[in-house]
Structures are given as structure tokens and as C-alpha cells.
Amino acid sequence: MSHIFLIKTALYFLAWLPLPVLHGLGACLGWCLWMTPTRPKKIAAANIALCWPELTAAQQHALTRKSLAETGKTLFETGALWLRPGKQTLRLIKQVNGSEIVEQALAKGRGVILATPHLGAWEGAGLYCADRFDLSCLYRPPRKTGMEQFINTARSRLGGRYIAANAQGTRLLYKTLRQGRVIAMLPDQEPNAGAGLFAPFFCTPAYSMVLLARMATRDITPVIFVWCERLPWGRGYHLHFREMPDITNATSIQAAVNATNSAIEYCVRQCPGQYQWTYRRFRTRPEGEKQLY
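Residues numbered from 1 in each chain as written. Predicted model: local features only at pLDDT ≥ 70, side-chain atom pairs only at ≥ 80, totals over all residues. Heavy atoms only, no water.

Caption draft 1: Highlighting the overall build of the protein. Helix and strand content of the protein: 12 helices and 9 strands. In terms of C-alpha radius of gyration, the protein reaches 19 Å, essentially the compact-globule figure of 19 Å for 293 residues. Each principal axis of the C-alpha distribution contributes one length, and for the protein these read about 50 × 50 × 35 Å. For the protein, the residues scored as buried account for 51% of the 293 residues in total. Within the protein, residue pairs in contact and separated by at least 24 positions form 75% of the contacts whose partners lie at least 6 positions apart. Accessible surface computed for the protein: about 13900 Å², of which carbon and sulfur atoms make up 57%. (Helix = DSSP H or I, 4+ residues; strand = E, 2+ residues; numbered from the N terminus. Rg over C-alpha atoms; globule rule 2.2 N^0.38 Å. Buried < 20%, exposed > 50% of the residue type's maximum accessible area, 1.4 Å probe, protein only. Contact = heavy atoms within 4.5 Å. Areas by Shrake-Rupley, 256 points an atom, 1.4 Å probe, with all protein chains shown as cover.)

Caption draft 2: Main features of the environment of W227. Considering the arrangement of structural elements, one finds W227 in strand β8 (residues 223–230). Expressed as a C-alpha distance, the spacing of W227 and Y237, which sit 10 residues apart in the sequence, is 9.8 Å.

Caption draft 3: Just the side chain of D188, in detail. Its place among the elements puts D188 in the loop between β5 (182–185) and β6 (196–201). At 2.8 Å, the side chain of D188 and the side chain of H118 are in polar contact. Once you skip the residues sitting within four places of it in the chain, D188 turns out to touch P117, H118, I264, Y275, Y279 and R281. (Polar contact = N/O pair within 3.5 Å; in protein donor to acceptor, adjacent residues only side chain to side chain.)

Caption draft 4: The pattern of salt bridges, seen in detail. Tallied over the entire structure, the rule returns 11 salt bridges. Among the salt bridges present, the one from E70 reaches K66, with a minimum N-O distance of 2.9 Å. Residue E70 and its partner K66 are both found in helix α4 (residues 57–83); the two are separated by 4 residues, about one turn of the helix. Residue D134 pairs with R181 through a salt bridge whose shortest N-O separation is 3.1 Å. (Salt bridge = Lys/Arg side-chain N within 4 Å of Asp/Glu carboxyl O.)

Caption draft 5: Structural context of helix α3 (residues 39–51). A rise of 1.5 Å per residue sets the reference length of α3, with its 13 residues, at 18 Å; its end C-alpha atoms lie 18 Å apart and thus fit the reference within 8%. The complete set of buried residues in α3 reads I43, A44, N47, I48 and C51. Buried residues in α3, looked at end-on, bunch into an arc of 125 degrees, giving them a common side. Where the residues of α3 are buried, they touch α4. (Expected span 1.5 Å × (residues − 1). Arc of directions from axis to C-beta.)

Caption draft 6: Local environment of unusual backbone geometry. For C203, which is not glycine, the phi dihedral falls at a positive 70 degrees. Locating C203 in the fold gives a position in the loop between β6 and β7 (204–209). A positive phi angle is found at W233, which is not glycine, with a value near 60 degrees. Tracing the chain through its elements places W233 in the loop between β8 and β9 (237–243).

Caption draft 7: Main features of the packing of aromatic side chains. Across all of its chains, the model carries 12 aromatic pairs by this definition. An angle of 65 degrees between the planes, with centres 6.1 Å apart, marks the rings of Y12 and F150 as edge-to-face. Of this pair, Y12 sits in helix α1 (residues 3–14) while F150 sits in helix α8 (residues 148–155), and the two are 138 residues apart along the sequence. Owing to a relative accessible area of 13%, F150 belongs among the buried residues under this scheme. Above the ring of W34, the side-chain terminus of R65 is found at 5.4 Å from the ring centroid. Directly above the ring of W52 sits R269, whose terminal nitrogen or CZ lies 4.8 Å from the centroid. (Phe/Tyr/Trp six-rings, centres within 6.5 Å; stacked < 30°, edge-to-face > 60°. Lys NZ or Arg CZ within 6 Å of the ring centre and 35° of its normal.)

Caption draft 8: Local environment of the packing of α1 against α4. At their nearest, the axes of α1 and α4 sit 7 Å apart, and the two run at 80 degrees to each other. Our classification of the angle between α1 and α4 gives roughly perpendicular. On α4, the residues touching L11, Y12 and L14 of α1 are F76, T78, G79, W82 and L83. Split into classes, the residues belonging to the contact of α1 with α4 amount to 6 nonpolar, 2 polar and no charged. (Axes fitted to C-alpha atoms, helices over the stretch in contact; angles between N-to-C directions. Parallel < 35°, antiparallel > 145°, perpendicular 65-115°, else oblique. Nonpolar A, V, L, I, M, F, W, Y, C, P; charged D, E, K, R; others polar.)

This is the structure:
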């Protein structure tokens, strides 16, 4: 029996469990990750120690434990966010703040860049925006190639186009913006070698994407950050929209990349335990610096 079949079967089963149960199971998984010397725990602890030096050791440990619980919730909620009927899934979003700023920008005939960090339930944010706006979203194909069509079908069931992150996809995104439409991307993934710049993230140099910065500054395109905060005890989600004009108004690509990372940091500080600290965000180091993981 293939791994792909098992993954899909598990997702279909989990899709129909109540959200409080899913988040409870996720928290249990996080507790197991915390109690054993796992790779996710090691990475999260290293990132948090680096990014939150002002916290005491006990506070860093508590944030690491919280982040692992949220990582577990991310895994267990995926089936619900991907496979339930789209409108039913949207009912899990209990509150939305700031979506009118997207509509105001579109009313001026301008394209909009939505930036969705790996914070909270980013799959829920993507589904809401695909339903609400004429959305084209840049994505990085999954490592398991047998999952790509499955994932794209799940994400686009309420609309939206998902475009692979390659040269052709980038040209299509530029065209979409020129047509005054909405594009979306994850701004905190490490780019391929030669495709990024180092910029501060929580005061530490992080190899960062330049595509968003180039798009924003080229035609003065508004950048709006979106994050989907989990509510306690599986009560649903709170979706936030916030415009980040410092990116659009930057006078250089480096300044725009710096402003992008500053905007991501702002979002993370709103619910720090829900950021994906298990991601090796500082894997690539400036020349001469030692590896962190």
C-alpha cells in the first residue's frame, strides 16, 4: 500500500472530525514532540532562542512547547481545510478584519499582492481569499509528486488558480497584476540559491525572496498581509488583513526585502506560538557564518 494512499485516506478520515477534536489531537502530538528529542523540537528551540533572546530560558521553552502544539494542529486540521465542502469550511472562520482594504485597492483598478506567512492556518486564509477574490496563487510543488494534483484540487475548489513557482509562473503573475487582479504568495520561504537576498528577520540575517519586493516596487502595487489565527479550544479562526506600505514605497529592492521581513515579523508577534518555528528559516548563512542546525 503506497504512502500516498495512506496519506489521502488519513486526510479524508480526519476531514469529518469536529475542529475541537482535531486541535486536541494536534496538541497531543505536539506534547509528544516536546517530550522526546525530535528534530522539529530541536529546530523550533534553535529558532526561538535566536529570535527571542529577550525571553528567559523558561519562556523560550514555553514558546517552543506552544509552537509544537500548533504544529500538531496544522497537521490534523489539514483534512478539514482541504476536503470538506468549501462553504462549510469557510464557516470555521468566525471573524474577519480588514478585508475591505483589498476591495478598496481593487476598486482603484490596481492589482494587489496578498502575502500569507506560515502563521496559523494559512490554508484557511488561502481558501477564503480564493472564494472572495479573483486569486492567482504562487506555490512550490510538493516533494511527493503524487500529491500535487490532489492538493491543487483541494485548494482551488472555491476558485483561484495555483501557479507553479518557475519562470513561466512568474511571468503569468506579472500579467495578472497588470490586469488589476489579485495574486498571493508565501513570503517567508527560503528561495533557491541565487534567487534571494539576506535581510534581517528578528535581527538575524535570513536568506529571503526578492520576487514580492520586485513586484511591489515595479508598479507601486499594494502589499497586504493575511494571517488566519486559530481561536482557543478549536472554536474556529480569526482572519486578519493588514496593508504594509513600507514595502511598496521602498526605494530599492534591498529596502523592500527588509520591509517584507519586518512585516512578517509584525504578523508573527501577534500570535508567536502559531508561527512555523519548525521550519529551517536560517538554513542558508552569510559567507563565513557557521550553520545553525
